[in-house]
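Each chain is listed here by its residues.
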Protein chains: 2
Amino acid sequence: MRNRIAMRILIIGGGASGSTAAQFARKTDRKAEVILVSNENYPFYSRCGLPYALSGRVPSFEGLVEYSQSWFRQFKIDVHLGTEASSLDTVNRTVKLRSLADGKEENVPYDALILATGATPWMPPMEGAYVQPGKLREGVHFLRTIPDGKAIAAMLKKGAKAVVVGAGLIGMETAEALTEMGIDVSIVDILPDMLLASLDEDMAAAAREIVAKRNIPMFFRSKAVKVTGDAAAKGVVIENSETKEQQELPCDIAVISTGNRANIALAVAAGCELGVTKHIRVNARCETSVPGIFAVGDCTEYVDFVTGAPVPVGMGTVATRQGRTAGINAAGGRSEMPRGILGTRVTEAFGMKMAAVGPGEAQLKKAGIEPLVGKFSGSTLPSYFPGGEALMVKVLAHPESGKLLGAQIVGTARVHQRINAFAAAIMAGMGLEDFARLETAYAPPIAPTLDPITLACDVALMRLRRK
Amino acid sequence: MRNRIAMRILIIGGGASGSTAAQFARKTDRKAEVILVSNENYPFYSRCGLPYALSGRVPSFEGLVEYSQSWFRQFKIDVHLGTEASSLDTVNRTVKLRSLADGKEENVPYDALILATGATPWMPPMEGAYVQPGKLREGVHFLRTIPDGKAIAAMLKKGAKAVVVGAGLIGMETAEALTEMGIDVSIVDILPDMLLASLDEDMAAAAREIVAKRNIPMFFRSKAVKVTGDAAAKGVVIENSETKEQQELPCDIAVISTGNRANIALAVAAGCELGVTKHIRVNARCETSVPGIFAVGDCTEYVDFVTGAPVPVGMGTVATRQGRTAGINAAGGRSEMPRGILGTRVTEAFGMKMAAVGPGEAQLKKAGIEPLVGKFSGSTLPSYFPGGEALMVKVLAHPESGKLLGAQIVGTARVHQRINAFAAAIMAGMGLEDFARLETAYAPPIAPTLDPITLACDVALMRLRRK
């Protein structure tokens, strides 16, 4: 290790968690050397924003950059783009960096290492998706990076057809973006409904009913088994899981949004313990099992706030907060994440808006909790006020204590911010009884006197009292 | 008392609290006689909706009726409109009712009495407002009842001018409604800014700056001292509190929105204890000091959740919840209000949206708490996403424990539902540290990764740690 006075914090990965870690390391120790390495060619940009750059709502892909090179320079953070960490030595605390442009290698010592290596899109077993290992067939795309987005954008021409495989948050947002660009989109998912990683079945069905009004062809319980075509994709063959019937959906573009696999090679090489979800296990300080090595973001797992079960992080919300925590701790400060992940998640697509927090019914049951359920369908406005829109609220509470454990909201307006009240309540251990009596925002053009969020708790409370 | 088996619950007042009480009394005891008496000629309607019926956003004043006569019939609630309670006998438990139409009187026995007598608009000492005691000069109006609203509506003609005296919630909403109807409106308030009963000075100034963009003439620190004109009002003379300079604002309509005085005569006659605010004092069960008599709504005071100080109820939100509690308790059930009033309050006018909960700085200081303050000005959306609007958030926390005590938000969009997260946090006793780490709703078209509501807590937290 060369002679130096200031500590050196090395961050591998330039996404939300890594870049936030760099920022907070710098804020915590103004003298530290902070080095950030990214295998991409853009500094920190919003991955979640990619569908919106595709649709043009964000005017350019470059517009997604959140911290520019000059921003990093201003904060005296040394950024190496187009660079990968190829190996590391935890005894001597060095990482070997390799330039992807010219292959040049360099051993860089560190005092603290933050792994923010993210995740790579997962390709389901689908014949013909690749023309050779690692090379996707023309027209087959992921949407994980700016180059991915630009490649899809280059395919958008009038009359083009697209198939989006995966009806999760990103899949739905991508399908909407393509539709907004005038592309005929079909949506395919192996599960029985959309958004089932985010919503319970009943709430997912409510979300689907709203989307269905836009006449988007949707194929559920359907596995994408094959990409047809020669040089370029011509269609996606899907197979119904029940009937085993196959059909080909003709397309010029197939976007695969079936989730990600954590990038854990470096962590494994370092000897960092993995969790049951095969992500890097970290504690509330974002420390791995190896001294001096922190991990943050999509490559990590943490525990669910309510059930305590290990869950992949996988959300920008948590990644950013982990970045802050790891950055502060790596620089010698003191920061802790809450005791678990609330899992606040929101999206909107095709006029449907959804928001959820906490585990769903299935996750609770898996954790041995048979939740009390309260559901209420109401309006965003008082009944006499024109323009109110339907809002469906579901709450999940502990069957004995009545503590709020989860909430899901689906509607067409004023959905998203309502979930934050539940997030605060769950974090604070608030019970149904208190939440049902919460003084919520009320004014005629704004919300009803008794808000659907409190009335759903009333419904659950009646069940609690009947027990 | 005549011979009867079912208990009789008598409710005086047909507004939000009284009607809700009737509803929940019925739900609690299906056999009880529930009688509701109102001195108005409309069954329960939304007073808060009056400005919106004036502007036509709610198509008619009759459209504000929330529980119609047939609704009451369906619930077997005996409604007497146009009827006042002129006196009562708490020993024999009877109330004397008098028909306002024909003066007929009747003694009605009760087992439980719920006073929901509301409040009457307060007229500041303003020369010429009345042509004779109790009779307002033509063109001078309150906006408390449907007849008030209809009387104003009848005055609306092209080129008409109006002065709204009082820049509180109702005053601002009324001024907006009149402006929407094409009336030239000036706003006058004796205080240095608008909405000072709802917001701290700094946040009120932010609200005013937004409204000011609409070029509405506003006169603060200005007392309305005189109504000019003969048969009909021709203008309002205002006097600057500092310079004592007077000027006349010409107008055809003057709407007085300077607050209300509780209707407590019946409660005083019954021997119910009043509180320091000269409203009826009630406990968490909405019981007055007299056995068998409950009180709810604008005629009552309760305590502030945070400071414990007595405060007039004065909000539909709380009135409705008190109605539920009193109705259940009067019918032999069991219900309690939370230990105090959170005071969640929201409005929008002239493009300005505000939301607040909990006491402001002045109320906290009066209660001996020098609050930690955190303020953050951010955007409703991530910086890269077009269409984000400015949002200013202020949090007030306990200087030692860091517990959240109050919050205020001002902006032009997505303001209102954000306050509910603070309301839940305050009710649950959540501290800055937890709230700052709250996983809030995040998606590019919805909200930034780190929401201004959590960042305001971060600012306060830094101050807490510096102590």
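Counting restarts for each chain, with residues numbered from 1 along the sequence as it is written. Note on labels: chains are lettered from A, ligands numbered from 1, in written order. The model is predicted, so local features are restricted to residues of pLDDT at least 70 and side-chain atom pairs to those at 80 or more, both for listing and for counting; the totals for chains, interfaces and linings are taken over all residues.

1. Some details on the overall build of chain A
Convention followed: Numbering of helices and strands runs from the N terminus; a helix is a DSSP stretch of H or I covering at least four residues, while a strand is a stretch of E covering at least two. Every radius of gyration here is taken over C-alpha atoms, with the globule rule written as 2.2 Å times N^0.38, N being the number of residues. Throughout, a residue-residue contact means that the two C-beta atoms, derived from backbone geometry, are no farther apart than 7 Å.
On a plain count of helices and strands, chain A comes out with 12 helices and 28 strands. Taking 23 Å as the expected radius of gyration for a compact globule of 467 residues, we find that chain A reaches 23 Å, a close match to that expectation. Along the first, second and third principal axes, the C-alpha set of chain A runs to 70 × 55 × 40 Å. Sequence separation of at least 24 residues holds for 63% of the intrachain contacts in chain A that already meet a minimum separation of 6.

2. Looking at helix α4 (residues 146-155) of chain B
All names here are of chain B. Quick reminder of the rule: Counting other C-beta atoms within 10 Å of each residue's C-beta, where C-beta atoms are placed from the backbone, gives the exposure class: buried for 20 or more, exposed for 12 or fewer, partly exposed between. By definition, the arc is the one covered by directions from the helix axis to the C-beta atoms.
Taken together, the buried positions of α4 are occupied by I146, G149 and I152. Along the axis of α4, the buried positions cluster into a sector of 125°, meaning they face one direction only. In this structure, α4 carries P147 and A154 as exposed residues pointing more than 90 degrees from its buried face. Tucked into the core, α4 has its buried residues touching α2 (50-55), β11 (140-141) and β18 (253-256).

3. As for the confidence of the model for chain A
This is how it is decided: A score from 0 to 100, pLDDT tells how confident the predictor is in each residue.
Residues with a pLDDT of 70 or more make up 99% of chain A, whose mean pLDDT is 96. For this predicted complex, the interface score ipTM comes out at 0.96, alongside a pTM of 0.96.

4. A word on the domain arrangement of chain A
Residue and element names in this part refer to chain A. Our working rule: The split of the chain into domains comes from an automatic or database domain assignment.
Along its sequence, chain A is organised into domain 1 (8-120 + 261-330), domain 2 (123-258) and domain 3 (351-462). Averaged C-alpha coordinates put domain 1 and domain 2 at centres separated by 29 Å. On the domain 2 side, the residues contacting the 12 residues of domain 1 number 13 residues.

5. Brief notes about the relation of the copies chain A and chain B
Two copies of one chain are present, and they are related through a rotation about an axis combined with an axial shift. The line we're drawing: Here the copies are matched by least squares. The fit uses the C-alpha atoms of residues with pLDDT of at least 70 in both.
After a rotation of 180° and a shift along the axis of 0.0 Å, chain A superposes on chain B with an RMSD of 0.0 Å. Both chain copies can therefore be described as sitting about a two-fold axis. Residue A421(A), judged by its C-alpha, is the member of chain A lying nearest the rotation axis, at 1.8 Å. Of all interface residues in chain A, 98% are interface residues in chain B too; the two copies therefore contact each other through one and the same surface.

6. With respect to the sheet that holds strand β15 (residues 222-229) of chain A
Residue and element names in this part refer to chain A. As a reminder, the rule being used: Strands were regarded as paired on the criterion that DSSP finds at least two bridges between them. Angles here are taken between N-to-C directions and fall from 0 to 180 degrees, while the axes themselves are lines fitted to C-alpha atoms, restricted in helices to the stretch in contact.
Read from one edge to the other, the open sheet built from 3 strands follows the order β15-β16-β17, with strand pairing classed as antiparallel. If you trace the sheet from one side to the other, it starts and ends with β15 and β17 (246-250), each paired once. Taken over all neighbouring pairs, the strand axes of this sheet differ in orientation by 30° on average, direction set aside. Pairing geometry for strand β16 (residues 233-240) and β17, over 5 bridges, is antiparallel. Considered in β17, the bridge of V236 is made with L249.

7. What about the interface of chain A and chain B?
Counting residues at the interface gives 55 residues for chain A and 56 residues for chain B. At the level of elements, α8 (316-330), β24 (345-349), α10 (418-428) and α11 (432-436) of chain A are the ones that each hand at least two residues to the side of chain A that touches chain B. Here the element with the most residues in the side of chain A that touches chain B is α10(A); it accounts for 9 residues.

8. Focus: the sheet that holds strand β23 (residues 310-312) of chain A
Strand order across the open sheet formed by 3 strands is β20-β22-β23 (chain A), with mixed pairing between neighbours. The outermost strands of the open sheet, each flanked by one partner alone, are β20 (280-281) and β23 of chain A.

9. Describing the pairing of strand β2 (residues 33-37) of chain A
Residues and elements named next belong to chain A. Short version of the rule: By convention, orient the strands away from the viewer: a clockwise path from the first strand over the helix to the second makes the crossover right-handed.
Burial analysis of β2 places 5 of its 5 residues in the buried class, which makes it a mostly covered element. Taking every second residue as pointing to the same face, both faces of β2 are buried, with E33, I35 and V37 on one and V34 and L36 on the other. Note: strand β1 (residues 8-12) against β2, 5 bridges, orientation parallel. Considered in β2, the bridge of I9 is made with V34. In terms of handedness, the path from β1 via helix α1 (residues 16-28) over to β2 forms a crossover that is right-handed.

10. Comments concerning the packing of α10(A) against helix α10 (residues 418-428) of chain B
Basically, it comes down to this: In these notes the angle categories are as follows: under 35 degrees is roughly parallel, over 145 is roughly antiparallel, 65 to 115 is roughly perpendicular, and the rest is oblique. The crossing is said to be left-handed when, going from far helix to near helix, the turn is anticlockwise and less than a right angle, and right-handed when the turn is clockwise. Amino acids are sorted into nonpolar (Ala, Val, Leu, Ile, Met, Phe, Trp, Tyr, Cys and Pro), charged (Asp, Glu, Lys and Arg) and polar (every other residue, Gly among them).
Here α10(A) crosses α10(B) at 20°, and the two axes come no closer than 7 Å. Our classification of the angle between α10(A) and α10(B) gives roughly parallel. Here α10(A) runs over α10(B); the crossing is right-handed. Contacts between α10(A) and α10(B) pair R418(A), N420(A), A421(A), A423(A), A424(A), A425(A) and A428(A) from the former with R418(B), N420(B), A421(B), A423(B), A424(B), A425(B) and A428(B) from the latter. In terms of residue class, the contact of α10(A) with α10(B) is built from 10 nonpolar, 2 polar and 2 charged.

11. Here we look at α10(B)
Residue and element names in this part refer to chain B. The buried fraction of α10 amounts to 11 of the 11 residues, a majority that puts the element mostly inside the structure. Regarding α10, the residues found buried are R418, I419, N420, A421, F422, A423, A424, A425, I426, M427 and A428. Just past α10, the residue G429 takes up positive phi, approximately 70°.

12. Comments concerning the pairing of strand β27 (residues 390-397) of chain A
Residues and elements named next belong to chain A. Most of β27 is tucked away: 7 of the 8 residues are buried. Pairing analysis gives 8 bridges linking strand β26 (residues 372-379) to β27, with the strands arranged antiparallel. Residue pairing for β27: V373 is matched across the bridge by L396. Direction of pairing for β27 relative to strand β28 (residues 404-411): antiparallel, over a ladder of 7 bridges. For M392, the partnering residue across the bridge sits in β28 and is V410. Between β27 and β28, which pair antiparallel and follow one another directly, the connecting turn spans 6 residues, one of which, G402, has a positive phi of 75°.

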